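Read off the chains here:
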Amino acid sequence: MFNKRIKIKELLLQLPGQHDVVVMGWVRTFRNTQFIALNDGSTNTNLQVVAELGRFDDDLLKRITTSAALKVTGELVASQGKGQTVELKASQIEILGDSDPEKYPLQPKKHSLEFLREIAHLRFRTNTFASIFRVRHALAFAIHRFFHDKGFLYMHTPIITASDAEGAGEMFRVTTLPFDQPPRTEDGAIDFSQDFFGKSTNLTVSGQLEGELAATAFGDIYTFGPTFRAENSNTTRHLAEFWMIEPEMAFHDLEDNMNLAESFMKSIIRFVMDNNMEDLVFLDQRLLEEEKQLPADKRSEFGLLDKLKMVVNNDFERITYTEAINILLESPAYKKKKFQYEVKWGIDMQSEHERYLVEKHFKKPVIVTNYPKDIKAFYMRQNDDGKTVAAMDILAPGIGEIVGGSQREERFDLLTQRMRDMHISEEELWWYLDTRRFGTVPHAGFGLGFERMVLFVTGMTNIRDVIAFPRAPKTADF
RNA sequence: UCCUCAGUAGCUCAGUUGGUUAGAGCAUCUGACUGUUAAUCAGAGGGUCACUGGUUCGAGUCCAGUCUGAGGAGCCA
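Residues numbered from 1 in each chain as written. Chains lettered and ligands numbered in written order. Predicted model: local features only at pLDDT ≥ 70, side-chain atom pairs only at ≥ 80, totals over all residues. Heavy atoms only, no water.

A. Spotlight on the environment of E10. Along the chain, the position of E10 falls in helix α1 (residues 8-11). Sequence separation between E10 and T43 is 33 residues, and the spatial gap between their C-alpha atoms is 9.2 Å. (Helix = DSSP H or I, 4+ residues; strand = E, 2+ residues; numbered from the N terminus.)

Following this line, the structure appears as C-alpha cells:
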C-alpha cells in the first residue's frame, strides 16, 4: 500500500503536530548521520528527515546514501534548525532501493550541463532539470487548455507520411525493405511498390497540410506532436526529433493569425508564472549565477523573470519585412559594417540581422510580416503587390525564430501556379488541392517549436537540455 | 556540413621551455565529532594524460589523422 504517501510539496505546507506521516523519495544528501534531505520530485525544496541519534541501527544508516530510495514514517514537527520551518522526525525508515555511492555519478555539488547530458537518465534528479521538466509539463498543459478554451479541436496528424512535398527539409525514410538487397525495378531504381506501404514513406516534417484539411471542416484545430528533420544541424536550437504545435484556423487572415499567436504565447507564459513560480525563481537564480562567469557584455540585459513579465505585459512589435530591412539599413551596426552578410530587400535575413532587430533595436519579441515570396513556401498567400506573401515570423530574444506562420493561399489558380513555379507535384497533393476545389475559405495558421518555447521560458540556452532524451546527429542514446 | 576551441582521477580543473615518481578541490572509503543545511576535521585509495601513428635520447606537453564534446555559421521550429 503506497497510497498513504503524501507528496513533499503538499506536506511542506502543513502545520507541525501530525503523526504517522508517510513520505517516499530519494536522498539528496545525508548530513551528520542524522539529517536526510529527501526529494520526491514534487518540488525542489527538500524535506528534512531527522533520524535521531541512537534510534536506528548503524547498518540501516550506512545504506542511506545519495539517491537511495526511502520510505519514511514519522511526525511532522517544527524545525529546531534554520533552513526550514518543519521537518519530519522519523519513527521508521525503510530502504526501498539502495544506491551504491561508489558508482552513483551525481554528487551534492554543481555539475556541468555537458556532463549531465551524458547521464540524461539521471539528470531529472537535479534541481535544474526537475524545474525544467516541471515547466515543460506546465507549458504543454497550458497549450491544450488555451486551445480547448477557445473551442479548438486537437488533431492527431500522421507521423508516417508518403508526401515528400512538404518542403521543410531532409526526411527520415521509413521502410521494411532489406537495405543490403532492396528489390529493384527494371530500370534499376529501388522498387517501393514492394515496400510495407507500397510506396516510399518518411517521418513527418510537419502536420500542417493535414491540419488544413481538418480546419476546413472544424474551423479551428491544432496539432501537437513529434516532428522529424534529418538535417545535419549541430546547433543549440535544432533537434532531429522535436515537438511542434500547429494551429490552423478557417476564416482567419494574417492579422487574426498574429493576434492568436501573440495571445497564445502570453497565455501559456502566464500559466507557468501562475503555477510554477518556485521553478522560475530557481531558474532565474541559476541563470544569474551562470552569467556571473561571462564577461559583462555577454550577459542578458534582463533576468529571466523580468523578461517573462515584460513579454506578458507588453505588445509584441509588429513590422513588415520591408520595414525590417529599412531599420537594418539605417542601423549603426550596418553603417559601421558590423554585419557579415549583405542587407538588401529580397534577402533571407541572417541570424545576425534577426538578433539585431530583437535584441538591440526593439528588445522584445518582434513579429515580421509580408516576406518576399521567393524566400517562402508555396502555400503562403500572395499579396496584391505581386512581390510578397502574407507570412509572419515571431522572433524572440535569445532564441530567434520561435513561430513561423502565414495566411494560406486559398485561391486554386494562384496556388497551382505557385506549385508549378516551385516544381511541387500537383498529382501527389491532389487531396490538399481538394480543399481549394470544394468550399475553399481564407485560412491561416502557424507552427511553434515547443522546445524553443521551453528554452525561452526556462532561460536555458541549449535545446538538448529541455527535452528528456535529445535526438540529434550522432546522438540517440537512452 | 563549415569555422574556432577543448579532451589529464568519478566530477571541476592546474600541469612551466619537451626532462626523475602527473597534482589540487569536491566525491568515495576508514576514523573522529554531532542540530546539520553542498556539515566539519584527520587519514587512505583512485590515472591506458581520448585514440592511432610520427618527431625525439626522452612526449600529458610538439606534428598529422581519427573520434567525442562545446560555441558560432548554414538549414529551420
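B. Quick peek at the environment of I132. Secondary-structure assignment places I132 in helix α4 (residues 127-149). Not counting residues within four places of it along the chain, the set of residues in contact with I132 comprises L283, V454, T458, M460, D465 and V466. (Contact = heavy atoms within 4.5 Å.)

C. Summary view of the sheet that holds strand β10 (residues 220-228). Sheet architecture is open: 8 strands sit in the order β6-β10-β11-β16-β15-β14-β13-β12, paired in mixed fashion. Two strands lie at the open edges of the sheet, namely β6 (153-155) and β12 (317-320), each paired on one side alone. For this sheet, the mean inter-axis angle between neighbouring strands, taken without regard to orientation, is 20°. One ladder, built from 3 bridges, connects β6 with β10; its direction is parallel. Following the sheet pairing, M155 is matched in β10 by T223. (Pairing = 2+ DSSP bridges. Axes fitted to C-alpha atoms, helices over the stretch in contact; angles between N-to-C directions.)

D. Fine view of the packing of helix α7 (residues 277-292) against helix α8 (residues 304-313). Running from N to C, α7 and α8 cross one another at 125°; their axes reach a closest spacing of 8 Å. Classed by the angle they form, the pair α7 and α8 counts as oblique. For the pair formed by α7 and α8, the contact residues are M277, L280, V281, L283, D284 and L287 on the first element and L304, L305 and L308 on the second. A class-by-class count of the residues in the contact of α7 with α8 yields 8 nonpolar, no polar and 1 charged. (Parallel < 35°, antiparallel > 145°, perpendicular 65-115°, else oblique. Nonpolar A, V, L, I, M, F, W, Y, C, P; charged D, E, K, R; others polar.)

E. Highlighting the pattern of salt bridges. Inspection of the entire model under this criterion finds 23 salt bridges. In this structure, the salt-bridge partner of D465 is R123, at a minimum N-O distance of 3.3 Å. Separated by 342 residues along the polypeptide, D465 in the segment after α14 (450-458) and R123 in the loop between α3 (113-118) and α4 bring together distant segments of the chain. Comparing D465 with R123, the two get one shared label, buried. The shortest N-O distance in the salt bridge between D421 and R418 comes to 3.9 Å. Taken together, the residues D421 and R418, both in helix α12 (residues 412-421) and 3 residues apart, mark about one turn of the helix. Here D421 falls in the partly exposed class, since its relative accessible area comes to 44%. (Salt bridge = Lys/Arg side-chain N within 4 Å of Asp/Glu carboxyl O. Buried < 20%, exposed > 50% of the residue type's maximum accessible area, 1.4 Å probe, protein only.)

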